[in-house]
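# Geometric and topological summary
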Amino acid sequence: MVHFVGAGPGAPDLITLRGAELLKNAGAIIYAGSLVNPALLALAREDCRIYNSAEMTLEQVIEAIRKENGRGGDIVRLHTGDPCLYGAVREQMDALDALGIPWDDTPGVSSFCGAAAALGAEYTLPGVSQSVIITRMAGRTPVPDAERLENLARHGASMAIFLSAGMLEEVQTALLSGAYSADSPAAIVYKATWPEEKIVRCTVGTLAHSGGLAGIRKTAIILVGGFLSGGYDRSKLYDPAFTTEFRKGT
Ligand code: SAH
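This report concerns the structure included in the present document.

Rules used throughout
- Residues numbered from 1 in each chain as written.
- Predicted model: local features only at pLDDT ≥ 70, side-chain atom pairs only at ≥ 80, totals over all residues.
- Heavy atoms only, no water.
- Helix = DSSP H or I, 4+ residues; strand = E, 2+ residues; numbered from the N terminus.
- Buried < 20%, exposed > 50% of the residue type's maximum accessible area, 1.4 Å probe, protein only.
- Contact = heavy atoms within 4.5 Å.
- Areas by Shrake-Rupley, 256 points an atom, 1.4 Å probe, with all protein chains shown as cover.
- Lys, Arg positive; Asp, Glu negative; His and termini not counted.
- Charge placed at Lys NZ, Arg CZ, Asp CG, Glu CD.
- Pairing = 2+ DSSP bridges.
- Axes fitted to C-alpha atoms, helices over the stretch in contact; angles between N-to-C directions.
- Polar contact = N/O pair within 3.5 Å; in protein donor to acceptor, adjacent residues only side chain to side chain.
- Near = heavy atom within 4 Å.
- Domains from an automatic or database assignment.
- Patch = residues over 30% accessible without salt bridge, like charges linked within 9 Å, V, L, I, M, F, W, Y side chains within 5 Å.
- Salt bridge = Lys/Arg side-chain N within 4 Å of Asp/Glu carboxyl O.

So, on to the overall build of the chain. A count of helical and extended segments in the chain gives 7 helices and 10 strands. Dimensions of the chain, computed from C-alpha atoms along their principal axes, come out at roughly 60 × 50 × 35 Å. Taken across its 250 residues, the chain has 44% of its residues classed as buried. A sequence separation of at least 24 residues applies to 64% of the contacts in the chain between residues at least 6 apart. Summed over its atoms, the accessible surface of the chain is roughly 12800 Å², and 54% of this surface lies on carbon and sulfur atoms. Positive and negative side-chain charges of the chain, numbering 22 and 27 respectively, have mean locations separated by a distance of 2 Å.

For the rest of this paragraph, the subject is the sheet that holds strand 2 (residues 28-31). Within the open sheet, the 5 strands sit side by side as 3-2-4-1-5. Their pairing is parallel. The strands lining the two open edges of the sheet, one partner per strand, are strand 3 (49-52) and strand 5 (103-106). Strand-to-strand twist across the sheet, computed as the mean angle between neighbouring axes with direction ignored, equals 20 degrees.

Another point: the environment of Asp-82. Within the secondary structure, Asp-82 sits in the loop between strand 4 (75-79) and helix 3 (90-99). Exposure remark for Asp-82: the relative accessible area of 13% places this residue in the buried category. Between the C-alpha atoms of Asp-82 and Leu-168, which are 86 residues apart in sequence, the distance is 24 Å. Apart from residues lying up to four places away in sequence, Asp-82 is in contact with Pro-107, Gly-108, Val-109 and Ser-110. A polar atom in the side chain of Asp-82 sits 3.0 Å from the backbone nitrogen of Gly-108.

To continue, consider the site of the ligand. Among the 18 residues in the neighbourhood of the ligand, the closest are listed as Leu-85, Ser-110, Ser-111, Ala-192 and Ala-220. The side chain of Ser-110 places a nitrogen or oxygen atom 2.8 Å from an oxygen atom of the ligand. When the ligand is considered free in solution it has 540 Å² of accessible area, and contact with the protein chains removes 95% of it. Counting the residues that make up the shell around the ligand, at least three belong to each of domain 1 (2-106) and domain 2 (111-228).

Turning next to unusual backbone geometry. Look at Ala-88: it is not a glycine, yet its phi comes out positive at around 50 degrees. Looking at where Ala-88 falls in the secondary structure, it is placed in the loop between strand 4 and helix 3. Positive phi is not limited to glycine here, since Thr-219 has a value of about 50 degrees. For Thr-219, the location among the structural elements is in the loop between helix 7 (207-213) and strand 10 (220-224). With relative accessibility at 28%, the residue Thr-219 sits in the partly exposed group.

There is a patch of nonpolar side chains on the surface, built from Tyr-86, Ile-134 and Leu-163 and spanning about 260 Å² of accessible area. On the secondary structure map, Ile-134 appears in strand 6 (residues 132-136). Exposure remark for Ile-134: the relative accessible area of 30% places this residue in the partly exposed category.

Counting across every chain of the model gives 8 salt bridges. Here Glu-21 makes a salt bridge to Lys-24, at a shortest N to O gap of 3.8 Å. Taken as a pair, Glu-21 and Lys-24 lie in helix 1 (residues 17-25) at a separation of 3 residues, close to a single helical turn. You can call Glu-21 partly exposed: its relative accessible area is 40%. Put simply, Lys-191 and Glu-196 hold a salt bridge, and the shortest N to O gap is 3.1 Å. For Lys-191, a relative accessible area of 16% puts it in the buried group.

So, in structure tokens, the structure goes:
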């Protein structure tokens, strides 16, 4: 059986208890070596066979799984953050279905959550934004036209932009042609929750310059929106005057 597992954003103790247990029991681990913290492999059994998928094609990954599945042990396919975001898991799940190899999926802490924790930020502040747009700039993977960054930026919602730290100029230009102005708050978080984590707080107008000064080109998430600065409304949930299922308001 194959277990897709979210490794979390970097710090090895941010994997789930379930994910750690699966790693400990695996006969084989195929990990995304470009981003998964190799420290997690310390959990593996001594006789566990380890593959680094950064050096493999989809076909080679599926072939490795097929071979390992034939040996009868459990296989962990370890992805960074949560597998459901930019994880290229669906094509693997479909290939396993076609081969009749069973699989399940264990979520992980996505890097957009790790980045918010690093900043001490809340994406969904009352009176500011109640939505988070998770997106990316087009790279070798195209982005559907309706989802171009300048179109999404029109909402002025909180945004977490993945896979785009090498295109800060383009990100900045796109955001400025949306609802954001040069002084809208922004941040770049490099390697959130890793020991080498870097936090750059800036504005949309200084995004490219600030990222350049910090030398950030990859493994970073770009955050934009009013949630990164001052004002917001108090929550209703914890308002003394507000009655909920669990508490009577005064
Ligand atoms: N599934 C992953 C995302 C994989 S795509 C998740 O849920 O986080 C790879 C992109 O994720 C990187 O280009 C970067 O934008 C972001 N990323 C991954 N780990 C990160 C980290 N620790 N800090 C900041 N960004 C990270």
